[in-house]
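Listed below are the residues making up each chain.
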Amino acid sequence: SLSEAAVGVLKEAFDVFDEDASESIQQGEAAAFSDALGYEYSPSEFEGVFGSLCQGNEDNSIDFKQFVELYTNLKNQPSKANSNSLAAKEIDELSEIQDFQGVDEYAILAKLNDPTLSSCLALSAWIVTCEDRIPALIEAGASLTLAKALRSTSRSDLGNVIRCAALTRCVKAILNTQEGVVSSLEDRSNTLIRGIVVSLKSCHAHVAGQQLTLLGVLCMFSNDTFMLVVDAFEHAQRLLGGESRFSPIASRLGCSNVATQAAALGLINAIVQASGEAQARIAIRQELFCIGVKTLISNLRQSEDDFVSTQAYIFDEEMRADDAARDRKS
């Protein structure tokens, strides 16, 4: 039987692939889970696998208990596994989450030099309850270690999706402390926030939503942290290319994951609001419009998601106010 830690990983996976946050998984979402886990089924084959689980369910979806059963059914078909199917083995072999109480900070971070599923989950579960040890982790080099670990989770298989989500929670825990913010402001390389933005381009939509939300909070926290976020996007453009420094946000705004759309639009509003006077805000919007953001927001105005439609409304209202102020001056 699966350990408690393994069930916890599957719950994380369930949340990742439940793109509409309905607490249920549709066939398309389940097929994406199967692909990420590393199994190759034809559409008709997978329809049979999924259909056997959701018989009698009016909406043809499965809940978390049935999702765990789906996982068991998939891994019992080794002939369908491809070279990326190591995630299933890792999940099965997970022991209970490690308690790092009494473990040296350098030893804790050393576990992330080869970020296994278990080590990432262990650190993310522990760090949120041990705020008092975050300063020592920062002193031991947590920012650089986490940034490197994030870069190693760029593939889309399930193991890397869960690793990236766990590492993002670690970054959030550090930046939620005064010591974490001060450390980032003093770090001339802006290691931690640059690591998040570089990861943003290739990580799964569920994790991208968490990262976009964190970046939005940093934009609104202070002008100094806003400048760190802008620097991180400029660094990512130099490193990875792209039409604009804000292209990674635009690409997430146009994805199919509603939570990620909402987080991307929230970050856009945060960047515009934090950029300063009306003239600077107008310039930022024009830069965003050049990469298609105006059309993307237009498509989201009628979204059934309240947060998305509210953020679109805020964007429109503030744009009208700035345009009106500009016109009065001219």
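To be clear, the structure that these remarks concern was listed above.
Please read all numbers here as calculations on a predicted model, not as lab measurements.

Report on the overall build of the protein, specifying residues and quantitative values.
For the protein, the helix and strand inventory stands at 19 helices and zero strands. Taken over the C-alpha trace, the protein has a radius of gyration of 21 Å; the compact-globule value for 330 residues is 20 Å, and the two agree within 12%. For the protein, the spread of C-alpha atoms along the principal axes amounts to about 70 × 50 × 30 Å. Out of the 330 residues belonging to the protein, those deemed buried represent 50%. Partitioning the intrachain contacts of the protein with sequence separation of at least 6 by distance along the chain shows that 70% fall at a separation of at least 24. Entry remark: accessible area of the protein is about 15,600 Å², with carbon and sulfur atoms responsible for 49%. The centroid of the 27 positive side-chain charges in the protein is displaced by 8 Å from the centroid of its 46 negative side-chain charges.

So what about the packing of helix α1 (residues 4-17) against helix α4 (residues 64-75)? Which residues, and what values?
Viewed as axis vectors pointing N to C, α1 and α4 meet at an angle of 110°, and their least axial separation amounts to 10 Å. Between α1 and α4, the angle is such that the two are roughly perpendicular. Where α1 approaches α4, its residues Val7, Leu10, Lys11, Ala13 and Phe14 are matched on the opposing element by Phe64, Phe67, Val68 and Tyr71. Each residue belonging to the contact of α1 with α4 can be placed in one class, and the counts come to eight nonpolar, no polar and one charged.

Quick rundown of the layout of surface pockets? Include the residues and the values.
In this approach, a probe sized like a water molecule rolls over the atoms, and the result shows the empty space that is left. In this structure, the largest pocket occupies an estimated 280 Å³ of space. Lining the largest pocket are 16 residues, with Asp15, Asp18, Ala21, His206 and Ala259 positioned closest to its centre. Mapped onto the lining of the largest pocket, the elements with two or more residues apiece are α1, α13 (205-221) and α16 (258-274). In terms of residue count, α13 provides more of the lining of the largest pocket than any other element does, four residues in total. Residue composition of the lining of the largest pocket, grouped by class: five nonpolar, five polar and six charged.

Help me get a handle on the packing of helix α9 (residues 142-151) against helix α12 (residues 191-200), residues and values and all.
Following both chains from N to C, one finds α9 and α12 inclined at 10°, their axes separated by 8 Å at the closest point. It follows that α9 is roughly parallel to α12 by the angle criterion. Together, Ser143, Leu144, Leu146, Ala147 and Leu150 of α9 and Thr191, Leu192, Gly195, Ile196 and Ser199 of α12 make up the contact between the two elements. For the contact of α9 with α12, the residue count by class is six nonpolar, four polar and no charged.

Can you break down the pattern of salt bridges residue by residue, with the values?
Note on pairing: side chains with opposite charge can pair once their charged atoms come close. This model, assessed by the stated rule, comprises 13 salt bridges. The shortest N-O distance in the salt bridge between Asp327 and Arg326 comes to 3.5 Å.

Break down α13 for me, with residues and values.
With 17 residues, α13 should reach 24 Å at 1.5 Å per residue; the first-to-last C-alpha distance of 24 Å fits that figure. With 12 of 17 residues buried, α13 is to be regarded as a mostly interior element. All buried positions along α13 are accounted for by Ala205, His206, Val207, Ala208, Gly209, Gln211, Leu212, Leu214, Leu215, Gly216, Leu218 and Cys219.

Residues and numbers for the nonpolar core, please.
Formed by 105 residues in total, the largest nonpolar core has its most connected members in Phe33, Leu37, Leu70, Ile91, Leu158, Leu215 and Phe233. For this core, the element with the highest residue contribution is helix α10 (residues 158-175), accounting for 12 residues.

Give me the lowdown on the packing of aromatic side chains, citing residues and values where you can.
Enumeration according to the criterion identifies nine aromatic pairs in this entry. Centre to centre, the rings of Tyr41 and Phe46 are 6.2 Å apart; their planes meet at 70°, and the pair counts as edge-to-face. The ring of Phe315 carries Arg285 above its face, with NZ or CZ at 5.9 Å from the centroid.

Reading the values: the criteria
Residues numbered from 1 in each chain as written. Predicted model: local features only at pLDDT ≥ 70, side-chain atom pairs only at ≥ 80, totals over all residues. Heavy atoms only, no water. Helix = DSSP H or I, 4+ residues; strand = E, 2+ residues; numbered from the N terminus. Rg over C-alpha atoms; globule rule 2.2 N^0.38 Å. Buried < 20%, exposed > 50% of the residue type's maximum accessible area, 1.4 Å probe, protein only. Contact = heavy atoms within 4.5 Å. Areas by Shrake-Rupley, 256 points an atom, 1.4 Å probe, with all protein chains shown as cover. Lys, Arg positive; Asp, Glu negative; His and termini not counted. Charge placed at Lys NZ, Arg CZ, Asp CG, Glu CD. Axes fitted to C-alpha atoms, helices over the stretch in contact; angles between N-to-C directions. Parallel < 35°, antiparallel > 145°, perpendicular 65-115°, else oblique. Nonpolar A, V, L, I, M, F, W, Y, C, P; charged D, E, K, R; others polar. 1 Å grid on protein atoms, 1.4 Å probe; cavity = no way out; pocket = protein on both sides within 12 Å on 5 of 7 lines; lining within 4 Å. Points joined across faces, edges and corners; volume = space filled by probe spheres on them. Salt bridge = Lys/Arg side-chain N within 4 Å of Asp/Glu carboxyl O. Expected span 1.5 Å × (residues − 1). Core = buried A, V, L, I, M, F, W, Y, C linked by side-chain atoms within 4.5 Å. Phe/Tyr/Trp six-rings, centres within 6.5 Å; stacked < 30°, edge-to-face > 60°. Lys NZ or Arg CZ within 6 Å of the ring centre and 35° of its normal.

By themselves, these are just geometric observations and shouldn't be taken as functional.
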